[in-house]
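Observations on the model geometry
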Amino acid sequence: MKFTTQKQVRFHHCDPAGIVFYPQFFYLLHEVQEDFLNHIGFPEHVLIAGGAGVPIVDLKTEFLGMCRHGDQLTMTLELTKVGNASVGMHYEIHGEPTTRGGSSLRVRAHGVVVYSEVPHGKPVPIPDGLRNALLPYLKTSPETA
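Report follows, based on the coordinates. (Residues numbered from 1 in each chain as written. Predicted model: local features only at pLDDT ≥ 70, side-chain atom pairs only at ≥ 80, totals over all residues. Heavy atoms only, no water.)

The number of helices and strands found in the protein is three helices and seven strands. Taking 15 Å as the expected radius of gyration for a compact globule of 145 residues, we find that the protein reaches 16 Å, a close match to that expectation. Counting only C-alpha atoms and orienting by the principal axes, one finds that the protein spans roughly 45 × 35 × 25 Å. Considering the protein as a whole, with its 145 residues, one finds that 43% of them fall into the buried category. Partitioning the intrachain contacts of the protein with sequence separation of at least 6 by distance along the chain shows that 66% fall at a separation of at least 24. On the protein, the mean spot of the 12 positive side-chain charges and the mean spot of the 14 negative ones are 4 Å from each other. (Helix = DSSP H or I, 4+ residues; strand = E, 2+ residues; numbered from the N terminus. Rg over C-alpha atoms; globule rule 2.2 N^0.38 Å. Buried < 20%, exposed > 50% of the residue type's maximum accessible area, 1.4 Å probe, protein only. Contact = heavy atoms within 4.5 Å. Lys, Arg positive; Asp, Glu negative; His and termini not counted. Charge placed at Lys NZ, Arg CZ, Asp CG, Glu CD.)

Summarising the element assignment, His-90 is placed in strand β5 (residues 86-94). With a relative accessible area of 6%, His-90 lands in the buried category. Side-chain polar atoms of His-90 contact the side chain of Glu-92, separated by 3.1 Å. Discounting residues that sit within four places of it in the chain, His-90 has contacts with Thr-76, Leu-77, Glu-78, Thr-80, Arg-108, Ala-109 and His-110. (Polar contact = N/O pair within 3.5 Å; in protein donor to acceptor, adjacent residues only side chain to side chain.)

What follows deals with unusual backbone geometry. The omega torsion of the bond from Val-118 to Pro-119 falls at 10°, within 30 degrees of zero and hence cis. When you line up the elements, Pro-119 lands in the loop between β7 (116-117) and α3 (128-134).

Our focus in this paragraph is the sheet that holds strand β6 (residues 105-114). What the five strands build is an open sheet, ordered β1-β4-β5-β6-β3; its pairing is antiparallel. The open sheet has two edge strands, β1 (3-8) and β3 (56-63), and neither has a second partner. Each strand of the sheet is rotated relative to its neighbour by a mean of 20°, with strand direction disregarded. Inspection of the sheet shows β3 paired to β6 by seven bridges, in the antiparallel sense. Within β6, the residue paired with Ile-56 across the bridge is Val-113. (Pairing = 2+ DSSP bridges. Axes fitted to C-alpha atoms, helices over the stretch in contact; angles between N-to-C directions.)

Structure follows, in structure tokens:
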């Protein structure tokens, strides 16, 4: 199952040409992660207040097309791994299909977060409640096996 959310490209995401400045995509990806954690009942601010966090330790990103000020984006998150303390995440950002019939995929990213103690950053096992909430979003295709 994929988590899906909608975002609109805002003025602050863009460079003077009205195109999303690439570092802003990292903010958008993190917002998707926060929205997802909230959706499954484990808001990030509550995790942090309780002494745990999910910092990113690896992120690979492909920029496949432009997004412009005002564009409506569909952003998805699917899990590729739920380990002892780590979670693999696959993100996609889609815009409107191009007028020439091209792909709507604008950004594809793969990341790993680690469930850790705050503020020390020591990895700790993912609690059962959180693990159970994550598992329905675990991708089970041959490419992740």
